[in-house]
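For reference, the chains in residue letters:
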Amino acid sequence: MTIAVVLPAAGRGERMGAGVVKALRELAGWPLLLHAVAGVRAVAAVGPVVVVVPVGLVNDLTVLLAAYDVTVVPGGEQRQDSVRRGLAALPAEVDLVLVHDAARPLAPPAVFEAVIAALRGGAEAVVPVLPVADTVKRVEGDRVVATVARDDLRAVLERAHREATGPATDDAGLVEALGVDVRTVPGHEEALKVTRPFDLAVAAAVLRGRTGA
Ligand code: CTP
Ligand code: MG
């Protein structure tokens, strides 16, 4: 069974602030993208890897990632465009595809392995989830219109609840819309999404914890 990973990394990282694109932000001396690619390559079951990057950076990032045996392709305007381009670049023999945001550079191998195990077990689509710790308010403008029952919620890669701006904020949502049965496996706190400068500080702390430094 050939298992591939598409790594969307073509975003601008606007919420990170001005400066370099998010993929090249430094975390413990490495660009974020390098952490993400090394993390994926640490999963033995993963075969082909396609990294989707900002259009102007394809050449530079092909060089940066040369040691990791990945295909680098240019992304699109929206995340979903980038995912589509990544999928289009996969070799024909691929059986299973994992889409993993480069913005989660520290996702532990165990999370990938849990997804792969569930797929091998027959699940059609799988997403790692964490329980939501915060009370979640539905707001319109600055007005709270509802408190969402927390026990029913899972943070689907945290996107669905925190960033929902339309029907296609995450891949699992797209798959659900097709009527496919989407299964969950336990996520991991260290698979945190790096969105703002604060998240970089948390990620640095995670790495310090790993190395015992
Ligand atoms: N992404 C992508 N192509 C886009 C937009 C986003 O490949 N056109 C990727 C990002 O690189 C990231 C993931 O999708 O790995 C999740 O997006 P997000 O965290 O929103 O990153 P950015 O879009 O870069 O950040 P921002 O929204 O703050 O600009
Ligand atoms: Mg974005």
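Please read all numbers here as calculations on a predicted model, not as lab measurements.

**Brief notes about the overall build of the protein chain**
Then step 1. Counting its secondary structure elements, the protein chain contains 7 helices and 11 strands.
Then step 2. Here the protein chain holds 213 residues, and the buried ones make up 45% of them.
Then step 3. Carbon and sulfur atoms provide 53% of the accessible area of the protein chain, an area that totals close to 11400 Å².

**Some thoughts on the environment of tyrosine 68**
Then step 1. With respect to the helices and strands, tyrosine 68 occurs in the loop between helix H2 (58-64) and strand S5 (71-74).
Then step 2. With 27 residues separating them along the chain, tyrosine 68 and arginine 41 place their C-alpha atoms 7.2 Å apart.
Then step 3. Setting aside its immediate chain neighbours within four residues, tyrosine 68 contacts Trp30, Leu34, Val37, Ala38 and Arg41.

**Quick notes on the side chain of arginine 79**
Then step 1. Inspection of the secondary structure puts arginine 79 in helix H3 (residues 79-88).
Then step 2. A polar side-chain atom of arginine 79 sits 2.8 Å from a polar atom in the side chain of aspartate 101.

**So, the nonpolar core**
Then step 1. Counting residues in each nonpolar core, the largest one holds 35 residues, and the members touching the most others are Leu7, Leu33, Val37, Val51, Leu65, Val70 and Leu98.
Then step 2. Within the residue set of this core, elements represented by two or more residues are strand S1 (3-8), helix H1 (32-41), strand S4 (46-53), H2, strand S6 (96-99) and helix H4 (109-120).
Then step 3. Ranked by residues supplied to this core, first place goes to H1 with 5 residues.
Then step 4. Residue contacts for leucine 7: discarding those within four places in its chain leaves Leu33, Ala36, Val37, Val40, Val50, Val51, Val52, His100 and Ala102.
Then step 5. By size, the runner-up hydrophobic cluster in this structure holds 11 residues, among which are Leu32, Leu192, Val206 and Leu207.

**Here we look at the sheet that holds S4**
Then step 1. Pairing in this open sheet of 4 strands is parallel, and the strands run S5-S4-S1-S6 from one edge to the other. A single partner strand is all that each edge strand has here, and the edge strands are S5 and S6. Mean inter-strand twist for the sheet, computed between neighbouring axes without regard to direction, equals 25°.
Then step 2. With 5 bridges connecting them, S1 and S4 associate as parallel partners. Bridge pairing links isoleucine 3 to valine 46 in S4.

**Here we look at the pairing of strand S8 (residues 136-140)**
Then step 1. Sheet analysis places S8 next to strand S9 (residues 143-148), joined by 5 bridges and oriented antiparallel. Bridge assignment links lysine 137 to a residue of S9, and that residue is threonine 147.
Then step 2. Linkage of S8 to S9, two consecutive antiparallel strands, is achieved through a turn of 2 residues, within which glycine 141 is found at a positive phi near 60°.

**What about the site of ligand 1?**
Then step 1. Neighbouring ligand 1 are 19 residues, the closest being Pro8, Gly13, Glu14, Ser82 and Lys193.
Then step 2. Here proline 8 contributes a backbone N or O atom positioned 2.8 Å from an oxygen atom of ligand 1.
Then step 3. Note that an oxygen atom of ligand 1 is positioned 3.2 Å from one of the backbone N or O atoms of arginine 12.
Then step 4. Against a free-state accessible area of 570 Å², the protein chains account for coverage of 89% of ligand 1.
Then step 5. Considering only residue class, the shell around ligand 1 consists of 5 nonpolar, 5 polar and 9 charged.

**Structural notes on helix H7 (residues 197-211)**
Then step 1. The terminal C-alpha atoms of H7 lie 22 Å apart, and with 15 residues this matches the ideal 21 Å at 1.5 Å per residue to within 8%.
Then step 2. In this fold, the buried residues of H7 make contact with strand S2 (26-27) and H1.
Then step 3. Positive backbone phi, at 70°, marks glycine 212, one or two positions downstream of H7.

**So, the pairing of S5**
Then step 1. Pairing geometry for S4 and S5, over 4 bridges, is parallel. In the sheet register, valine 50 faces S5, and the bridge partner there is threonine 71.
Then step 2. With respect to chirality, the unit in which S4 leads through H2 into the neighbouring parallel S5 is right-handed.

Parameters at a glance
- Residues numbered from 1 in each chain as written.
- Chains lettered and ligands numbered in written order.
- Predicted model: local features only at pLDDT ≥ 70, side-chain atom pairs only at ≥ 80, totals over all residues.
- Heavy atoms only, no water.
- Helix = DSSP H or I, 4+ residues; strand = E, 2+ residues; numbered from the N terminus.
- Buried < 20%, exposed > 50% of the residue type's maximum accessible area, 1.4 Å probe, protein only.
- Areas by Shrake-Rupley, 256 points an atom, 1.4 Å probe, with all protein chains shown as cover.
- Contact = heavy atoms within 4.5 Å.
- Polar contact = N/O pair within 3.5 Å; in protein donor to acceptor, adjacent residues only side chain to side chain.
- Core = buried A, V, L, I, M, F, W, Y, C linked by side-chain atoms within 4.5 Å.
- Pairing = 2+ DSSP bridges.
- Axes fitted to C-alpha atoms, helices over the stretch in contact; angles between N-to-C directions.
- Near = heavy atom within 4 Å.
- Nonpolar A, V, L, I, M, F, W, Y, C, P; charged D, E, K, R; others polar.
- Expected span 1.5 Å × (residues − 1).
- Right-handed = clockwise from strand over helix to strand, strands pointing away.

Shape is all these values report; function is a separate question.
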